[in-house]
Amino acid sequence: MNWQAIALSLKLAVCVAGILLALGLPIAYWVTFSRWRWKFLVEAIVALPLVLPPTVLGYYILVGLGPRHFAGKVWQSWFGHTLPFTFGGLLVASVLYSLPFAVQPISAGFEGVDRRLIEASWTLGVSRLATFFRVILPLSAAGAVTGIVLSFAHTIGEFGVVLMVGGNIPGVTRTVSIDIYDQVQSANYDAANSTALVLLFFSFVVLTAIYGTNRRALSLWRKQ
């Protein structure tokens, strides 16, 4: 197995999960509690990576981060290099691609919180920020954990987006999914099978942990 590719994928997944934790909470909060009549447009944009082919999303990210467009020009002027075909480019693409996998479970968790508890907290003079951390987040912890774990696992298995934006540079952008593809193209099926089995087992463990945690959280809530 290519442990370098596995280590790179784990590094990418950890960074994406951390960024999406910081981004997903406020976005999910706004989506859940906002009364703006056009907020469904924002929801559609957030969910877009779920239906877009990964190569299409990867293409637009690649073009948008290139030196001919605003974001790419700004980045190049600040840091002296472009984002495509770097780990930073992979990170941006992976965050955008996994965004709905974090936001939607977190938002579902927020929606499950009893609004009367939130309003009672406000009535007692607790600020909205304090109410979020003292009431909303603890009562929706299962949704937050699900979103972060799903975004982590989803990043591990990315292929189309990371290939379009990062290419296949050993030690820089070659993730474990791209390594499996390379092994198959080289007819090295034993190595590809070993790595694929690791990903299969990992995915099964992640889903088992999520469903088990959610079921346990639901049973504890019902006993209260």
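### Concerning the pattern of salt bridges
- Considering all chains together, one arrives at 2 salt bridges under this definition.
- Put simply, D114 and R116 hold a salt bridge, and the shortest N to O gap is 2.9 Å.
- Taking the relative accessible area as the measure of exposure, D114 reaches 30% and is therefore partly exposed.
- A salt bridge links D182 to R174, with the shortest nitrogen-to-oxygen separation between them at 3.5 Å.

### What to know about a nonpolar patch on the surface
- Together, W30, W36, W38, F40 and L41 make up a nonpolar patch on the protein surface, roughly 520 Å² of accessible area in all.
- Mapped onto the secondary structure, F40 falls in helix α2 (residues 39-51).
- On the basis of relative accessibility, which here comes to 44%, the residue F40 falls in the partly exposed class.

### Here's the deal with helix α1 (residues 3-33)
- Under the 1.5 Å per step criterion, the end-to-end length of α1 is 44 Å for 31 residues, consistent within 8% with the ideal 45 Å.
- The largest bend in α1 is about 30 degrees, located at G24, with the proline P26 one to four residues further on.

### Description of the packing of aromatic side chains
- Counted under the stated rule, the structure contains 12 aromatic pairs.
- Considering the side-chain rings of W38 and F40, the 5.7 Å spacing of their centres and the 45 degrees angle between planes classify their relative orientation as tilted.
- Centre to centre, the rings of W75 and F79 are 4.1 Å apart; their planes meet at 35 degrees, and the pair counts as tilted. With a gap of 4 residues between them, W75 and F79 both fall in helix α4 (residues 70-79), about one helical turn apart.
- The structure contains a cluster of three or more aromatic residues connected by ring pairs, namely Y29, F33, F110, F132 and F133.
- A cation over an aromatic ring shows up here: K11 above the ring of F87, its NZ or CZ 4.6 Å from the ring centre.
- Above the ring of W122, the side-chain terminus of R128 is found at 4.1 Å from the ring centroid.

About the cut-offs
Residues numbered from 1 in each chain as written. Predicted model: local features only at pLDDT ≥ 70, side-chain atom pairs only at ≥ 80, totals over all residues. Heavy atoms only, no water. Salt bridge = Lys/Arg side-chain N within 4 Å of Asp/Glu carboxyl O. Buried < 20%, exposed > 50% of the residue type's maximum accessible area, 1.4 Å probe, protein only. Patch = residues over 30% accessible without salt bridge, like charges linked within 9 Å, V, L, I, M, F, W, Y side chains within 5 Å. Areas by Shrake-Rupley, 256 points an atom, 1.4 Å probe, with all protein chains shown as cover. Helix = DSSP H or I, 4+ residues; strand = E, 2+ residues; numbered from the N terminus. Expected span 1.5 Å × (residues − 1). Bend = angle between axes of the 7 residues up to and from the residue. Phe/Tyr/Trp six-rings, centres within 6.5 Å; stacked < 30°, edge-to-face > 60°. Lys NZ or Arg CZ within 6 Å of the ring centre and 35° of its normal.

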